[in-house]
Amino acid sequence: MGTLLTTPVAPGAAPPRGTRGRRPLRRDGRAGWLFLAPTLIVLGLFMVLPILMALWVSVSDWTGNGSPFSSRVHFVGGDNYAALLAEPGLTRQNFATSVRNNGYFVLFVVPLQTALALFLALLLNQRKLRGRQFFRTAFYFPTVTSSVAISVVFLFLFSSTGTVNAALKLFGVDGPSWFADPRGIFHLALGDPADPPAALAGHGFLGLSWWDWLAGPSVAMCSIIVLVVWTSTGGFMLMFYAALQNLPPSVDEAALIDGATSWQRFWRVTLPQLRPTLFLVLTLGLIGTWQVFDQVYVLSRGNPANTTLTPAYLSYSSSFIGHQWGQGAAIAFLLFLVIVAFTLVQRWALRERR
Amino acid sequence: MLPRRTVAAFAAAGLLLPLSACGSGFDDSSQPATQQAGPATLKVMIAASGGAELKAMQDAAAAWGKDGSKAEVVSANDLPQQLSQGFAAGSPPDVFAVDATKFQGYADQMLPYGDGLSYSGDIYPTLRTTFTKDGKLYCAPKDFSTLALAVNTDDWAAAGLTDTDLPKTWDQLESVARKLTTGGRTGLVFNDTRDRVGAFLVQAGGWATDADQKQATADTPQNLQALTYVRDLLAAGVAKYPKQIGAGDSGEAFGQHKASMSIDGNWMVGGMKKDYPGVKYRVVALPAGPAGPGTLSFTQCWGIAAKSKFQEQAKQLVDSFMQPQQQLAFAEAFGVIPSRQSVRAQYEQKFPAQSAFVAGADHAHGPVTLTKMDPVLTDFDAQLQQLPGADPKRILQQLQQNTAAALGQ
């Protein structure tokens, strides 16, 4: 914005004393505010205001009838947050379950989609690759199609008599009823024991036993993971690809002359140069995966046995279906905090070490 | 620079907040809506089961329109969401279909007009109970469905069974299910949720809550007896959940001949005709349990928004939908059972295949109508899915605890 002003003033610079110096500055400031006003009003009206309203709803007992600012709506303090975090009961248990489910979702989707996107971008970047245009389109295609349409296709693919199970049958594997199977894959790997170790089953956190926390994504969640990785990889691939195209070939050539193997060149030369893109992809991935909603809404609505329940969907269902608007808003703000926390951790982990 | 800008943004928002609060969007809605006489344009929102239902409703609405009034019927993709949006924005549809399981969540926003209906005594008692809150009948039940037992007649004959073997008790049900269970086929199939297993609870004389839905009554000997019976059926392999035999639901399992008997609602009649016309079957009443016969009913009612400006006209529209001939027309169009008892004889005559379902109306139990019980019952479903591996006593204790918490005990 500073460049728009006729007299740019360095931030923090002390304004010159005397009225002669101050008047033009104030007039410029006024003009600046005038130019800013439309944006401020639009942002205020459609972003800041709704967020503040939601914040109010999250500490109120609004029932979804009429205005949240009417006299019948009362301030309830942290009650909605307490029900989610402190008070034993189904509300807390469902919230914990949704966080667990989404945690596993993030844990699987983010590394998978990032690695796959980078891998595909590297493939595309090879000079000797033929039909690059075709592959670029093919890889990117899932990203541009509607997530709802893709989800419906996956519903058919992963139905108990669907294509995936038919393919598995060719290898003699009896596929599960994907969207009906609530068993966690870590539990399955242990043979789905009926009597979990008492040390894990007897203790827990947020109303969920450690054994449940460690269940892993359910079979149903796995199919959503596959779906999301498949659809989102293309977009991230494009970012990596653009970054790769911008890398100076000379650096790579210098490493080549120094006798670096292709693995060393990738690991020590290419990847460090991609750090800003990697940061972008991981950040976008983390934010997007913590907010997963469309696929859950279309495919499973939290079923089976709440194992595909995510905080975003829980926030929606608490508000619109359960009429617990305060709780729904509180979940949304807790989700916001989770995302901020994860982004900060990731920023710290990927910081430039000197 | 930056902090100042942020402060300015918040200041702007702070200015806008009271400003917009004065606007029309935030008016206090405690005032009853002013009523308007004369021609009205009514918005009607339903969750149509398919094109046939929507068309039948639209035709009925068009037939009602007179003196300049008209009614626009739309089918919601997601009725609870769209209704919630309408209520929150202060502009709900005038007339809307309310599912029994969500009824009490909307009751505050509905006009309780049911007791004023001239035909309120003609509505099946179980449906009246479902839509009554604090002694007031809120709305006219649109139609309903019940559960019954569908039997594959070819399998029945092949197993050497006759009409006298049709199960009347739990023991008989288990015994015929055992006889019908062969290598590739299961005797009995039913969905793994409260909406099917609940019928056994009712037959044993139990239910999750008391009649007023004020007390949790989950952890009782009756419920335990029912769940133990269901667990034993599943454990013996004579009954199975659809997913255990590679089917999406019980209708699919029955239609694809993976099971010889199925517990299902009367929507199955249309589904079988459409998808599996070759399967020969008959429908009989569910067997009685220790406490007598019992089944579940599923229903919707015609809600009228308390905020509607055209409540009188809305009532007239609902009245026209509730007329016996109109109810029969709806039944014909999309296979539901009329909610008025006076239509029963005509209906049974016209649709003999449905008689077992209609008979269920005499002892059908309506669903839990408290919205806040939704997560509790979802959790109950999750537990039921673990049968036969899970302990029925523990399932009921958990249901008891969660129900009590939801009811604020």
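Note that the structure is a prediction, hence the values are computed from the model and not measured. (Residues numbered from 1 in each chain as written. Chains lettered and ligands numbered in written order. Predicted model: local features only at pLDDT ≥ 70, side-chain atom pairs only at ≥ 80, totals over all residues. Heavy atoms only, no water.)

1. Focus on the overall build of chain B
- Secondary structure summary: chain B contains 17 helices and 13 strands in total.
- The dimensions of chain B, computed from C-alpha atoms along their principal axes, are 80 × 60 × 40 Å.
- With 409 residues in all, chain B has 52% of them scored as buried.
- Within chain B, contacts between residues separated by at least 24 positions form 75% of all contacts whose residues are at least 6 apart in sequence.
- Of the roughly 17100 Å² that chain B leaves accessible, carbon and sulfur atoms contribute 52%.
- Of the side chains in chain B, 35 bear a positive and 39 a negative charge, and the two mean positions are spaced by 3 Å. (Helix = DSSP H or I, 4+ residues; strand = E, 2+ residues; numbered from the N terminus. Buried < 20%, exposed > 50% of the residue type's maximum accessible area, 1.4 Å probe, protein only. Contact = heavy atoms within 4.5 Å. Areas by Shrake-Rupley, 256 points an atom, 1.4 Å probe, with all protein chains shown as cover. Lys, Arg positive; Asp, Glu negative; His and termini not counted. Charge placed at Lys NZ, Arg CZ, Asp CG, Glu CD.)

2. A few points about the packing of aromatic side chains
- Taken as a whole and judged by the stated rule, the model has 38 aromatic pairs over all chains.
- With 5.7 Å between their ring centres and 40° between their planes, Phe87(B) and Tyr106(B) make a pair best called tilted. Of this pair, Phe87(B) sits in helix 3 (residues 79–89) while Tyr106(B) sits in helix 4 (residues 103–106); the two residues are 19 residues apart in sequence, bridging distant segments of the chain. Tyr106(B) shares its class with Phe87(B); the two are buried.
- By the ring-pair criterion, three or more aromatic residues cluster together here, those being Trp62(A), Phe293(A), Tyr297(A), Tyr313(A), Tyr316(A), Phe320(A) and Trp325(A).
- Across the ring face of Tyr297(A), the terminal group of Arg301(A) is positioned such that the distance to the ring centre comes to 4.1 Å.
- Above the plane of the ring of Tyr119(B) lies Arg340(B), whose end atom (NZ or CZ) is 4.3 Å from the centre. (Phe/Tyr/Trp six-rings, centres within 6.5 Å; stacked < 30°, edge-to-face > 60°. Lys NZ or Arg CZ within 6 Å of the ring centre and 35° of its normal.)

3. What about the nonpolar core?
All names here are of chain B.
- Counting 69 residues, the largest nonpolar core has Met-110, Tyr-113 and Trp-302 as the members making the most contacts within it.
- Dropping the residues within four chain positions of it, Met-110 is found in contact with Phe-96, Val-98, Phe-103, Tyr-138, Cys-139, Cys-301, Gly-303, Ile-304 and Ala-306.
- In terms of nonpolar packing, the next biggest core, distinct from the first, is built from 52 residues, Val-151, Ile-263, Met-373 and Phe-380 among them. (Core = buried A, V, L, I, M, F, W, Y, C linked by side-chain atoms within 4.5 Å.)

4. Thoughts on the interface of chain A and chain B
- Listed per partner, the contact involves 40 residues of chain A and 39 residues of chain B.
- Buried surface at the junction of chain A and chain B, both sides included, amounts to about 3100 Å², of which 63% is carbon and sulfur.
- Of all residues in chain A, Leu90(A), Phe320(A) and His323(A) bury the most surface against chain B, accounting for 17% of the area lost on that side.
- Our count for the chain A to chain B interface comes out at one salt bridge.
- Between Arg301(A) and Asp78(B) there is a salt bridge whose closest N-O contact spans 3.7 Å.
- Counting the contacts that link chain A with chain B gives five residue pairs in polar contact (both at pLDDT 80 or more).
- Sorting the residues of the side of chain A that touches chain B by element identifies helix 1 (19–58), helix 3 (90–125) and helix 15 (311–321) of chain A as the ones contributing at least two each.
- The greatest single-element share of the side of chain A that touches chain B, amounting to nine residues, is contributed by helix 1 of chain A.
- Of the residues in the side of chain A that touches chain B, the class split is 21 nonpolar, 17 polar and two charged. (Buried area = accessible area lost by both parts, 1.4 Å probe. Salt bridge = Lys/Arg side-chain N within 4 Å of Asp/Glu carboxyl O. Polar contact = N/O pair within 3.5 Å; in protein donor to acceptor, adjacent residues only side chain to side chain. Nonpolar A, V, L, I, M, F, W, Y, C, P; charged D, E, K, R; others polar.)

5. Considerations on the packing of helix 12 (residues 311–322) of chain B against helix 13 (residues 324–334) of chain B
Residues and elements named next belong to chain B.
- Two numbers describe how helix 12 lies on helix 13: the axes approach to 5 Å, and their chain directions differ by 65°. With respect to helix 13, the element helix 12 is oriented roughly perpendicular. Between helix 12, through Ser-320, Phe-321 and Met-322, and helix 13, the contact on the second element is made entirely by Pro-324, Gln-326, Gln-327 and Phe-330.
- A per-class count over the contact of helix 12 with helix 13 returns four nonpolar, three polar and no charged. (Axes fitted to C-alpha atoms, helices over the stretch in contact; angles between N-to-C directions. Parallel < 35°, antiparallel > 145°, perpendicular 65-115°, else oblique.)

6. A closer look at the side chain of Asn191(B)
All names here are of chain B.
- You can see Asn-191 is positioned in the loop between strand 7 (186–189) and helix 8 (194–203).
- Within the local environment of Asn-191, its side chain forms a polar contact with the backbone nitrogen of Ser-250, the two atoms lying 2.9 Å apart.
- Discounting residues that sit within four places of it in the chain, Asn-191 has contacts with Arg-196, Val-197, Tyr-241, Pro-242, Asp-249 and Ser-250.

7. Details of the confidence of the model for chain A
- Per-chain confidence: chain A averages 84 in pLDDT, with 92% of residues scoring 70 or above.
- Contacts from residues 1–13 of chain A, a stretch scored under 50 in pLDDT, to residues over four places away or in other chains number eight contacts. (pLDDT = per-residue confidence, 0-100.)

8. A short note on the environment of Gln273(A)
Residues and elements named next belong to chain A.
- Considering the arrangement of structural elements, one finds Gln-273 in helix 12 (residues 262–273).
- You can call Gln-273 partly exposed: its relative accessible area is 29%.
- The spatial distance from the C-alpha of Gln-273 to the C-alpha of Leu-244 is 8.9 Å, given a sequence separation of 29 residues.

9. Digging into the pairing of strand 2 (residues 70–75) of chain B
Residue and element names in this part refer to chain B.
- Judged from the six bridges that link them, strand 1 (residues 41–46) and strand 2 form a sheet pairing that is parallel. For Met-45, the partnering residue across the bridge sits in strand 2 and is Val-74.
- For the segment spanning strand 1, helix 2 (residues 51–64) and strand 2, crossover handedness is right-handed. (Pairing = 2+ DSSP bridges. Right-handed = clockwise from strand over helix to strand, strands pointing away.)

10. Describing the pattern of salt bridges
- Throughout the structure, instances matching the rule amount to 21 salt bridges over all chains.
- Close ionic contact of Asp252(A) with Arg265(A) constitutes a salt bridge, the shortest N to O distance being 3.4 Å. Of this pair, Asp252(A) sits in helix 11 (residues 249–257) while Arg265(A) sits in helix 12, placing them 13 residues apart in sequence.
- Two residues, Asp219(B) and Lys393(B), come together in a salt bridge whose shortest N-O distance is 3.1 Å. Residue Asp219(B) is found in the loop between helix 8 and helix 9 (221–236), and its partner Lys393(B) is found in helix 17 (residues 392–406); the two are separated by 174 residues along the sequence.
- What makes Asp219(B) partly exposed here is its relative accessible area of 29%.
- Overlapping salt bridges, with partners in common, bring together Glu53(B), Lys142(B) and Asp143(B) in one network.

11. A short note on a nonpolar patch on the surface
- Together, Ile41(A), Val42(A), Leu45(A) and Phe46(A) line one region of the surface with nonpolar side chains, adding up to about 380 Å² of accessible area.
- By the secondary structure assignment, Phe46(A) is in helix 1. (Patch = residues over 30% accessible without salt bridge, like charges linked within 9 Å, V, L, I, M, F, W, Y side chains within 5 Å.)

12. Things to note about empty space enclosed by the protein
All names here are of chain B.
- Evaluated as defined, the whole model comprises two cavities of 30 Å³ or more.
- The calculated volume of the largest cavity comes to roughly 180 Å³.
- Considering the residues around the largest cavity, the lining is formed by 19 residues, among which Arg-194, Asp-195, Trp-207, Val-368 and Leu-377 are closest to the centre.
- Mapped by element, the contributors of at least two residues to the lining of the largest cavity are helix 8, strand 11 (295–304) and helix 16 (374–385).
- Classifying every residue of the lining of the largest cavity gives eleven nonpolar, five polar and three charged.
- In this structure, the second largest cavity encloses a volume near 40 Å³.
- Forming the walls of the second largest cavity are Lys-142, Asp-143, Gln-327, Phe-330, Ala-331, Val-336, Ile-337 and Pro-338.
- Elements with a minimum of two residues in the lining of the second largest cavity: strand 6 (140–152), helix 13 and strand 12 (337–338).
- The element contributing the most residues to the lining of the second largest cavity is helix 13, with three residues. (1 Å grid on protein atoms, 1.4 Å probe; cavity = no way out; pocket = protein on both sides within 12 Å on 5 of 7 lines; lining within 4 Å. Points joined across faces, edges and corners; volume = space filled by probe spheres on them.)

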